[in-house]
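Close look at the chain arrangement
Here's the letter readout for the chains.
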Amino acid sequence: MRRVVGLLLLAAVVLITLLLTAFGSAHPAPLPTTAPAPAARLLPSGPPRPQVVAMQGALRLDLPIAQSRVTAIGYHASGDGALALDPVGHQGNQGLVGRLVHKLFGGGDTGIRYYVVEGGTGASTAALDVGATPGTDVYSPVDGTIVGITPFVLDGKTYGARIDIQPTGSPSFVVSLTHLRPDPSLTVGSTVAATTSKIGTVVNVAGVERQTLSHFTADSGNHVSMSVHNAAALSP
């Protein structure tokens, strides 16, 4: 009987020791931590490399956003008298016939990828949207002079401004940009240089406008929009 009692006491001591070892540690294991985001993601995007994205006759429009920050490029009708643009690059949503022609005769598979959205009134390439997240720096697409900075209104609210630039080499045109917040230093009469002069930052209009680019991006499709008008056709 004494042996049985002794074995039971020994077993109880071993069990208590195991429980204290498993659950009674005074130094719990450290919680996993997440490394901070790379510093480069928190810095301003900086200017783009000079790269022509579209043309209107002899007028060349450079990419206004750093290449690494562009989410997608798309064209659509404008309906406000904007002129048709000639895209540079290849169309990502081209029809079967167009793809077959390029496959047989070459060309059309290099450079910038863009999308054309049909519908609306006017030329299907009248408005050029360059996608980027809100807050991304926007640079002038041409050398020229600022001739207008006016509120850009959607659904009764102001979202940034419309910036009109008269190109130095093509004064009969005006290049208009919307969906951006103008740089505080920008005034009417300021001279700007293509891909060098910062003119603003992309604004977030996802809550008020259904954005065409969202069909081709992983986000809501925020962007800066560009169009070209005849200077004489614009209201003073």
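For the structure, check the block above.
Reading guide: rules and limits
- Residues numbered from 1 in each chain as written.
- Predicted model: local features only at pLDDT ≥ 70, side-chain atom pairs only at ≥ 80, totals over all residues.
- Heavy atoms only, no water.
- Helix = DSSP H or I, 4+ residues; strand = E, 2+ residues; numbered from the N terminus.
- Buried < 20%, exposed > 50% of the residue type's maximum accessible area, 1.4 Å probe, protein only.
- Contact = heavy atoms within 4.5 Å.
- Pairing = 2+ DSSP bridges.
- Core = buried A, V, L, I, M, F, W, Y, C linked by side-chain atoms within 4.5 Å.
- Salt bridge = Lys/Arg side-chain N within 4 Å of Asp/Glu carboxyl O.

Section: the overall build of the protein chain
Counting secondary structure elements, the protein chain contains 2 helices and 14 strands. Residue burial in the protein chain is summarised as follows: out of 236 residues, 37% are buried. Taking the intrachain contacts of the protein chain between residues at least 6 apart in sequence as the baseline, contacts between residues at least 24 apart amount to 66%.

Topic: the environment of Asn222
Among the structural elements, Asn222 can be located in the loop between strand 13 (198-202) and strand 14 (223-230). What makes Asn222 buried here is its relative accessible area of 3%. Expressed as a C-alpha distance, the spacing of Asn222 and Glu209, which sit 13 residues apart in the sequence, is 9.5 Å. Sequence-distant contacts of Asn222, that is, excluding residues within four places in its chain, are made with Gly131, Ala132, Pro134, Val202, Val203, Asn204, Val205, Ala206 and Gln211.

Quick notes on the side chain of Ser227
For Ser227, the position within the fold is in strand 14. We classify Ser227 as buried; its relative accessible area is 9%. Apart from residues lying up to four places away in sequence, Ser227 is in contact with Ala82, Ala126, Val174, Val175 and Ser176.

With respect to the environment of Leu63
Relative to the helices and strands, Leu63 is located in the loop between strand 2 (59-62) and strand 3 (73-76). Accessibility expressed as a relative area gives 3% for Leu63, which makes it buried. Expressed as a C-alpha distance, the spacing of Leu63 and Ile73, which sit 10 residues apart in the sequence, is 10.0 Å. The residues touching Leu63, leaving out its near neighbours within four places in the chain, are Pro48, Gln51, Val53, Val70, Ile73, Val130 and Thr195.

What about the pairing of strand 9 (residues 144-154)?
Two elements, strand 9 and strand 10 (residues 157-167), share 9 bridges in a ladder whose sense is antiparallel. Paired with Thr145 across the bridge in strand 10 is Gln166. Where strand 9 lies against strand 12 (residues 191-192), 2 bridges are found, and the strand directions are antiparallel. Within strand 12, the position partnered with Gly144 by the bridge is Val192.

A word on the sheet that holds strand 4 (residues 86-87)
In space, the 3 strands of this open sheet follow the order 2-1-4, with antiparallel pairing throughout. Only two strands of the sheet have a single neighbouring strand rather than two, namely strand 2 and strand 4. Strand direction decides the pairing type here: strand 1 (residues 52-56) and strand 4, joined by 2 bridges, are antiparallel. Bridge assignment links Met55 to a residue of strand 4, and that residue is Asp86.

Quick notes on the nonpolar core
A general feature of soluble globular proteins is that nonpolar side chains tend to end up buried together. One finds Val53, Leu61, Tyr75, Leu128, Leu177 and Ile199 to be the most contacted residues of the largest nonpolar core, which totals 32 residues. If one sorts the elements of this core by residue count, strand 11 (residues 173-182) sits on top with 4 residues. When neighbours within four sequence positions are excluded, Leu61 is seen to be in contact with Gln51, Val52, Val53, Ala54, Leu85, Pro141, Val142, Val175 and Val228.

Some words on unusual backbone geometry
For Asp155, which is not a glycine, the phi torsion comes out positive at approximately 55 degrees. As for its position among the elements, Asp155 is in the loop between strand 9 and strand 10. Look at His179: it is not a glycine, yet its phi comes out positive at around 65 degrees. Position of His179 relative to the elements: it lies in strand 11.

Some thoughts on the pattern of salt bridges
By the definition in use, this model includes 2 salt bridges. Linking Asp137 and Lys198 is a salt bridge whose minimum nitrogen-to-oxygen distance equals 3.1 Å. With Asp137 in strand 8 (residues 137-139) and Lys198 in strand 13, the pair connects residues that are 61 residues apart, well separated along the chain. Classification of Asp137 by relative accessible area gives buried; the value is 8%.

Quick notes on the side chain of Gln56
With respect to the helices and strands, the residue Gln56 is situated in strand 1. Note on Gln56: relative accessible area 17%, which makes it buried. Those residues in contact with Gln56 that sit more than four places away from it in its chain are Leu83, Ala84, Leu85, Phe173 and Val228.

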